[in-house]
Every structure is written in C-alpha cells, then in structure tokens.
Amino acid sequence: MSGHLSLRLAALLTLAPLLWAGNAVVGRLMVGQVPPLTLNLLRWALTALILLPLGWRALRQPQRITRRWGYLALVGLLGVGLFNSLQYLALVTSTPINVTLVACSMPVWMLAVGTLFFGVHPTKRQLAGAAVGLAGVLWVIGRGSLQTLLTVRLVPGDLFMLAAVIGWAFYSWLLVQPPAHMRGAERPTAEEGWDWAGFLLVQTLFGLAAAGLFTAGEQLAGAAPIQWSLGVLGALLYVSLGASVLAYRCWGLGVAEGGPALAAFFNNLTPLFAAVLSALVLGDSPQPYHGVAFVLIVAGIAVSASRSGPAQKVPG
C-alpha cells in the first residue's frame, strides 16, 4: 500500500465522492416523491440484486454466515440499514451541502468511538485535527452565526446526519477490529466467495432486514405513497448502481492502493461536489459559511492524517 498518487488512484478516489455527492442531491430530489426510509429499502434491495451475480458464492455455505450472524447483523444494521436511512431522513429538512459537510466530521467521531469503546487512544496531532474539524461542523450547523449556535437552533436534518455519522464510526471500527472469527485464518477467503462483492452482499442482506422494519414503521406512521415516474426509476438505478456498488468498489480499490490517510483528503471532496451539483440541479447555491466550514474540515483532516489511524470508509 503506497501513498503515491497516480492518475488511476486519483480517478478512483475522486469518483467515489462524486457519486456520493450525487446521492445526497438525488435524496433531496426524492423528497415528496419517495418516503426516505422506503427510498433506503429500495436502494439496497436493488443493490442486492446487482451484487448477487458477483457475490453469490458467499451464500453457498450458510454455516459460515450463521456462525458469524451476530457480527454480520450488526455491521449490516449500521452500514446499510441505519446510516442511509438517517441520511435520507436528514435530506428532508437539510440541504445536500449541509449533510455532506456534517458527514466530514467523521474523524472526530472515529477518534471518540475508538477511545471510548475500542481502547485506541488518539495522538495529540489527531486531537488537534479533530478539534479543527469539529469547529467546521459547528460552523455549518450554526449557519455561520455564533448567535444561532449558542441558541441551539438546529435543523432536524443536521441532527439526523450527526447520528448517522456516529453510527458509521462504530461500523468502521467493527470493520477494522472485527471479532476473532473474522480475522486471519478464521475469516472466509476470497476464494470461498468472501471478496468485496460477497462481503458487501452479505452485509446488504442483513441490513435489508433492518431497513424493512424501518420502512414498515414509516408506512404505519402514514407515509405518503411513492409517486412513481421515470425520474424516480432513474434515481433508484443511480443510488443502487452508482452510489452503492460502483462507489464502494472504487473507494475500496483506492483505499487499498493509496491508504486511508490519502483517501481521507479525497473524501472531503464530497461537500464540494455536493455544492456544485446542488447549484446545477437544485438551484441551491452555497453560502459563505459553507466555504469556511469546508476549509476548517479539510484543515482538520490535514492536521490529524496519520497512517497509524484506522481506515475511514465513508459512504453516501
């Protein structure tokens, strides 16, 4: 694994944030057309169908799954069922720019979860970077106004996204420090079907169970019916094929080749892409406080970047 930036590596690590930024914009476009929790269920159901021809071998030996069902159910819940449900809920009341900027606070929560629950203590450099990054998140939550921040006038979507990011921090640590049956010689091999597609397929199937329960609750609460159209069908194809399968694959290859420290810088392109796409598609132009927040968040990542830290695979 090398931090050398080749043209191929730059393309891989740029495409994933671009696709995830598009996911945020599409999620905003679907408000009023597809209920947010239903959108998440449909997204991952289609993703599972796309992954099935690629990862079906992981399902050939069910005992390998049943032995690890607790772990797989938890990562499926956090990575598929919870994160994206909360993200689409966030987009009902918040903007794609805000949502992606709040998601850039991931290093802060990665350090906090690692310290409190996994016994991995951050360095002074990481703490300093986290503080700068957190300042950026607070700046965007406060809409660039100290008075707004002090009076805690938060948009519900920002809080949903914060909850999603914290859940993803737990998910990331569970991938980095899995139980013994998912490490070393105990972990099923790629030759047995547990490559990137097989592992993502198994997670997706477990996550779909949680997503189905969330959607059932949404429908029981009186969610509006889906407003089917060609636009909705196109959006579902995009979020399943583009923002899920393709983005996850590009990001995984990029992290493996360039390392998590280098990849972290590219992840913070997501709010920049979201701002451009929002202006083009939604007419939602970025505000000056978005620029300040973005600079602070990127500065925080630059200060805290360390090869000794865990991989931070942030989705869309």
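The structure presented is a predicted model; accordingly, all values stated were derived computationally and were not measured.

Visitor: Just to check I follow, could you spell out the overall build of the protein for this structure?
Guide: What the protein contains, in helices and strands, is 14 helices and zero strands. Every one of the 316 residues in the protein was classed for burial, and the buried ones make up 48%. Contacts in the protein between residues at least 24 apart in sequence constitute 89% of all its contacts with a sequence separation of at least 6.

Visitor: Please explain the packing of helix H5 (residues 96–103) against helix H9 (residues 156–176) as it appears in this structure.
Guide: How two helices sit against one another is set out by the angle between their axes and by the gap between those axes. It is at 9 Å that the axes of H5 and H9 come closest, and there the two elements cross at 35 degrees. The handedness of the crossing between H5 and H9 is right-handed. Taking contact as the criterion, the partners of Asn98, Val99, Val102 and Ala103 in H5 are, on H9, Asp158, Met161, Leu162 and Val165. Residue composition of the contact of H5 with H9, grouped by class: six nonpolar, one polar and one charged.

Visitor: What is the right way to look at the packing of aromatic side chains in this model?
Guide: One pair of aromatic rings is described through two measures. These are the centre distance and the angle between the planes. Evaluated as defined, the whole model comprises eight aromatic pairs. Ring geometry for Trp20 and Tyr248: centres 6.2 Å apart, planes at 90 degrees, overall edge-to-face. With Trp20 in helix H1 (residues 7–29) and Tyr248 in helix H11 (residues 230–258), this pair connects stretches of sequence that are 228 residues apart. Taking the relative accessible area as the measure of exposure, Tyr248 reaches 9% and is therefore buried. Every member of this aromatic cluster is reached through a ring pair, and the members are Trp20, Trp44, Tyr248 and Trp251. Sitting over the ring of Phe199, Arg187 keeps its end group 4.9 Å from the ring centre.

Visitor: How should a nonpolar patch on the surface be read in this particular structure?
Guide: Taken together, the side chains of Leu29, Leu272, Val276, Leu280 and Val281 present a nonpolar region at the surface, about 450 Å² in accessible area. Take the nonpolar patch: its biggest share by element is four residues, from helix H13 (residues 270–282). Relative to the helices and strands, Leu280 is located in helix H13.

Visitor: Quick question: what am I supposed to make of helix H6 (residues 106–118) here?
Guide: Note: α-helices contain 3.6 residues per turn, so residues at a spacing of three or four share the same orientation. Among the residues of H6, those classed as buried are Met106, Pro107, Val108, Met110, Leu111, Val113 and Gly114. With its phi angle positive at about 70 degrees, Gly119 sits one or two positions after the end of H6.

Visitor: Help me understand the environment of Ala103 in this model?
Guide: Checked against the element boundaries, Ala103 lands in helix H5. For Ala103, a relative accessible area of 11% gives the class buried. It is 9.7 Å that separates the C-alpha atoms of Ala103 and Asn267, two residues lying 164 residues apart in sequence. Apart from residues lying up to four places away in sequence, Ala103 is in contact with Met161 and Val165.

Visitor: So what exactly am I meant to see when it comes to the nonpolar core here?
Guide: Among soluble globular proteins, nonpolar side chains are generally buried collectively. Core analysis: the biggest nonpolar cluster contains 67 residues, and Trp20, Met30, Tyr71, Leu72, Met161, Trp194 and Trp251 have the highest contact counts within it. Those residues in contact with Tyr71, other than ones at most four positions away along the chain, are Leu174, Leu175, Pro178, Pro179, His181, Met182 and Phe199.

Visitor: Hey, could you run me through the pattern of salt bridges in this one?
Guide: If the charged atoms of two oppositely charged side chains come close together, the side chains can form a pair. Scanning the model with the defined rule gives three salt bridges in all. Its salt-bridge partner being Arg8, residue Glu257 comes within 2.3 Å of it at the nearest N-O pair. With Glu257 in helix H11 and Arg8 in helix H1, this residue pair connects regions lying 249 residues apart in the sequence. Of the residues examined, Glu257 reaches a relative accessible area of 27% and is grouped as partly exposed.

Visitor: How should the packing of helix H4 (residues 69–93) against H9 be read in this particular structure?
Guide: Put simply, H4 and H9 touch, their axes get as near as 8 Å, and they point 160 degrees apart. With respect to H9, the element H4 is oriented roughly antiparallel. For the pair H4 and H9, the sense of crossing is left-handed. Here the contact of H4 with H9 is built from residues that sort into 19 nonpolar, five polar and no charged.

Visitor: Just to check I follow, could you spell out the side chain of His181 for this structure?
Guide: Within the element layout of this structure, His181 appears in the loop between H9 and helix H10 (196–220). For His181, a relative accessible area of 18% corresponds to the buried category. Those residues within four positions of His181 in sequence are excluded, and the remaining contacts are Arg67, Arg68, Tyr71, Glu186, Arg187 and Pro188.

Visitor: Honestly, the confidence of the model for the protein in this entry has me stumped. Any pointers?
Guide: Close reading of the predicted structure is inappropriate where its pLDDT is low. Put simply, the protein has an average pLDDT of 86, and 90% of its residues get 70 or more. Per-element confidence in the protein ranges from a low mean pLDDT of 66 for helix H12 (residues 260–267) to a high of 97 for helix H2 (residues 36–55). Low pLDDT, under 50, characterises residues 307–314; the predicted model gives this stretch 30 contacts beyond four residues in sequence or across chains.

Quick notes on the rules
Residues numbered from 1 in each chain as written. Predicted model: local features only at pLDDT ≥ 70, side-chain atom pairs only at ≥ 80, totals over all residues. Heavy atoms only, no water. Helix = DSSP H or I, 4+ residues; strand = E, 2+ residues; numbered from the N terminus. Buried < 20%, exposed > 50% of the residue type's maximum accessible area, 1.4 Å probe, protein only. Contact = heavy atoms within 4.5 Å. Axes fitted to C-alpha atoms, helices over the stretch in contact; angles between N-to-C directions. Left-handed = near helix turned anticlockwise from the far one by under 90°. Nonpolar A, V, L, I, M, F, W, Y, C, P; charged D, E, K, R; others polar. Phe/Tyr/Trp six-rings, centres within 6.5 Å; stacked < 30°, edge-to-face > 60°. Lys NZ or Arg CZ within 6 Å of the ring centre and 35° of its normal. Patch = residues over 30% accessible without salt bridge, like charges linked within 9 Å, V, L, I, M, F, W, Y side chains within 5 Å. Areas by Shrake-Rupley, 256 points an atom, 1.4 Å probe, with all protein chains shown as cover. Salt bridge = Lys/Arg side-chain N within 4 Å of Asp/Glu carboxyl O. Core = buried A, V, L, I, M, F, W, Y, C linked by side-chain atoms within 4.5 Å. Parallel < 35°, antiparallel > 145°, perpendicular 65-115°, else oblique. pLDDT = per-residue confidence, 0-100.

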